[in-house]
Amino acid sequence: MALIDYLLGQNKKNSAKQAKDRLQILLAHERSQAKAPVYLAKMRDEILAVIAKYVDIDDENLQISIDEDNGFEVLELNLILPESRKH
Amino acid sequence: MARVIVVTSGKGGVGKTTTSASFSAGLALKGYKVAVIDFDVGLRNLDLIMGCERRVVYDFVNVVQGEASLKQALIKDKKVPNLFVLAASQTRDKDALTKEGVGKVIDDLKADGFDFIICDSPAGIEKGAQLALYYADEAVIVTNPEVSSVRDSDRILGILQAKSKRAEEGDTPIVEHLILTRYNPERVAAGEMLAMQDVVELLSVKLLGIVPEAEEVLQASNAGTPVIMYEGVNASEAYKDIVDRFLGEDKPQRFLTVEHKSLFKKLFGK
């Protein structure tokens, strides 16, 4: 059986690489969230509420983050508008 | 000057208590006076791993609440001189520990001439874990090469950097060390397990050492002897290296590659 396992093992996907790739994305995301000011989540909800008055959007289509870029703090707002409706 | 070291991980079951036991025994074997404190109130286990479970009369909570003196509660290890265990309470709840109370115990241990105070943290990121790391000068992060463990370690690193006494007071930050346990070089070579370099890169913490997955770790806990006390065993050698590196010795990493099996074993062995 060990022989078969050994031969099959050669074709196995490299799951360690998958683990690393997933963690790289996740940790970057969680670190930026942990550093974000406390008000950010509340501000996001309020901005979302204002936008929702005019456009029909999904909750997850609004991303908000604070990053540092060349010593400046940058507030980044990313909104994906629904495709179907064009005003 | 005494150094306070927290052994922490976020995730449970990765080898914190095993590491606390072997690390503190290793330091004591080098001649230092070492106290190891179990912060896992309600779920104490360090006493069992160190083999002193039948000698616990007073515990950490008794001392914090002034019901016993430190001298009464410190259990002297029978195998290693200069090694003392402060057991967690099994009957109280987590709120029995306070920041001030813990601070006083640590100050008293320092005044008693201890060189190292090892704080064995409970799993999680709640009060018990936060108290265990609050007074730390250095931290040993115990991680398994596995996604959830790496993520939780990253989380606890964030807490170390934000909520420790050193962080709150703007002092020099806690020195962080990584110990990678349950490492299986064979599975790493097969691409089934995160490699040492991957975990170090992901967490960006300096590696103190890896501990290979080994049967002896279970045998040691069955016997109530820190695995570092065993002779000629990989896991024990790994912990000895870790202690040496911690004390400033420059030792190359071992146990990272597969021990070669014979062709016969490879084809027919299990």
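What counts, and at which threshold
Numbering of residues starts from 1 in each chain and follows the order in which that chain's sequence is written. Throughout, the order in which chains and ligands are written sets their labels, letters from A for the former and numbers from 1 for the latter. In view of the model being predicted, local features appear only for residues whose pLDDT reaches at least 70, and side-chain atom pairs are presented and counted only at 80 or more, with totals across whole chains, interfaces and linings using the full set of residues. The basis for every side-chain value is the complete set of heavy atoms in the structure, and neither hydrogens nor water enter the calculation. Site definitions follow a grid-based scheme: protein atoms alone, a 1 Å grid, a 1.4 Å probe that fits but cannot get out for cavities, and for pockets an open set with protein on both sides within 12 Å along at least five of seven lines, plus lining residues having an atom within 4 Å of a point. Grid points are joined across faces, edges and corners, and a volume is the space filled by probe spheres set on the points. Going along the chain from the N terminus, every DSSP run of H or I of four or more residues is numbered as a helix, and every run of E of two or more is numbered as a strand. Any residue that is not Ala, Val, Leu, Ile, Met, Phe, Trp, Tyr, Cys, Pro, Asp, Glu, Lys or Arg is counted as polar, Gly included; the first ten are nonpolar and the last four charged. Geometry is summarised by axes, namely lines fitted to C-alpha atoms with helices restricted to the contacting stretch, and by angles between N-to-C directions that run from 0 to 180 degrees. Note that the term roughly parallel is reserved for angles under 35 degrees, roughly antiparallel for angles over 145, roughly perpendicular for angles of 65 to 115, and oblique for everything else. By definition, any crossing whose near helix is turned counterclockwise from its far helix by less than a right angle is left-handed, and any crossing with a clockwise turn is right-handed. Here, residues are in contact when the closest pair of their heavy atoms is within 4.5 Å. Think of it in three bands: with a 1.4 Å probe and only protein chains considered, a residue is buried below 20% of the maximum accessible area for its type, exposed above 50%, and partly exposed in between. Following DSSP output, two strands are said to pair if at least two bridges run between them. Scored from 0 to 100, pLDDT records how confident the predictor is in each individual residue. Here, a salt bridge means any Lys or Arg side-chain nitrogen found within 4 Å of an Asp or Glu carboxyl oxygen.

1. A closer look at empty space enclosed by the protein
All names here are of chain B. A complete count under the given rule lists two cavities of 30 Å³ or more for this structure. If you trace the largest cavity, you find it lined by Thr18, Ser22, Ile49, Val217, Ala220, Ser221, Thr225, Pro226 and Val227. Where the lining of the largest cavity is concerned, the elements lending two or more residues are helix H1 (16-29) and helix H11 (215-223). Residue contributions to the lining of the largest cavity peak at three residues, all from H11. Here the lining of the largest cavity is built from residues that sort into five nonpolar, four polar and no charged. Empty space within the second largest cavity amounts to approximately 30 Å³. Lining the second largest cavity are Gly209, Ile210, Ala238, Asp241, Ile242, Arg245, Gln253, Arg254 and Phe255. Every element with two or more residues in the lining of the second largest cavity is listed here: strand S8 (206-212) and helix H12 (234-246). For the lining of the second largest cavity, the element with the most residues is H12, which contributes four residues. Tallied by class, residues from the lining of the second largest cavity come to four nonpolar, two polar and three charged.

2. Brief notes about the packing of helix H6 (residues 127-134) of chain B against helix H7 (residues 147-163) of chain B
Residues and elements named next belong to chain B. Relative to each other, H6 and H7 sit at 55 degrees, their axes nearing to 10 Å. The angle between H6 and H7 falls in the class oblique. Crossing hand, H6 versus H7: right-handed. Each of Gln130, Leu133 and Tyr134 in H6 lies in contact with H7, whose residues at this interface are Ile156, Ile159, Leu160 and Lys163. Across the contact of H6 with H7, the residue classes break down as five nonpolar, one polar and one charged.

3. Considerations on the pairing of strand S2 (residues 34-38) of chain B
All names here are of chain B. The buried fraction of S2 amounts to five of the five residues, a majority that puts the element mostly inside the structure. Inspection of the sheet shows S2 paired to strand S4 (residues 83-86) by four bridges, in the parallel sense. Looking at the pairing, alanine 35 lines up with phenylalanine 84 of S4.

4. Topic: the pairing of strand S5 (residues 116-120) of chain B
All names here are of chain B. The element S5 is largely enclosed, with a buried count of five among its five residues. Side chains Phe116, Ile118 and Asp120 of S5 all project onto a buried face; the interleaved residues Ile117 and Cys119 project onto the opposite face, where all are buried too. Relative to S5, strand S1 (residues 3-8) is paired through five bridges, and the arrangement is parallel. Bridging across to S5, valine 4 finds its partner in isoleucine 117. Of the pairings in the sheet, the one linking S2 to S5 comprises five bridges and is parallel in character. Among the inter-strand pairings, alanine 35 is bridged to a residue of S5, identified as isoleucine 117.

5. Digging into the packing of H7(B) against helix H10 (residues 196-203) of chain B
Residue and element names in this part refer to chain B. Look at H7 against H10: their axes get within 10 Å of each other, and the N-to-C directions meet at 35 degrees. Our pair here, H7 against H10, has a crossing hand that is right-handed. Along the contact surface, H7 presents Val150, Ser153, Asp154 and Leu157, while H10 presents Val199, Leu202 and Leu203. For the contact of H7 with H10, the per-class residue count stands at five nonpolar, one polar and one charged.

6. What to know about the sheet that holds strand S3 (residues 75-76) of chain B
Residue and element names in this part refer to chain B. Strands sit in the order S3-S4-S2-S5-S1-S6-S7-S8 across an open sheet of eight strands; the sheet is mixed. Here the strands that pair on one side only, and so sit at the sheet edges, are S3 and S8. The sheet strands contacting H1 are S1, S2, S4, S5, strand S6 (138-143) and strand S7 (175-183), and the helix crosses S5 at an angle near 170 degrees.

7. What to know about the confidence of the model for chain A
For chain A, mean pLDDT is 80; residues scoring 70 or higher make up 80% of the total. By mean pLDDT, helix H1 (residues 2-9) of chain A is the weakest element of chain A at 58, and helix H2 (residues 15-35) of chain A is the strongest at 90.

8. Brief notes about the pattern of salt bridges
Applying the stated criterion across every chain yields a total of 24 salt bridges over all chains. The salt bridge partner of A:Glu46 is A:Lys42, with a shortest N-O separation of 3.3 Å. With A:Glu46 and A:Lys42 both in helix H3 (residues 39-54) and four residues apart, this pair spans about one turn of that helix. Its relative accessible area of 46% is what places A:Glu46 among the partly exposed residues. Judged by relative accessible area, which is 57%, A:Lys42 ranks as exposed. Residue B:Glu138 pairs with B:Arg3 through a salt bridge whose shortest N-O separation is 2.8 Å. In this pair, B:Glu138 is assigned in strand S6 and B:Arg3 in strand S1, connecting sequence segments 135 residues apart. The class of B:Glu138 is buried, set by a relative accessible area of 8%. By sharing partners, the salt bridges in this structure join B:Lys30, B:Glu231, B:Glu237, B:Lys240, B:Asp241, B:Asp244, B:Arg245, B:Lys251 and B:Arg254 into a single network.

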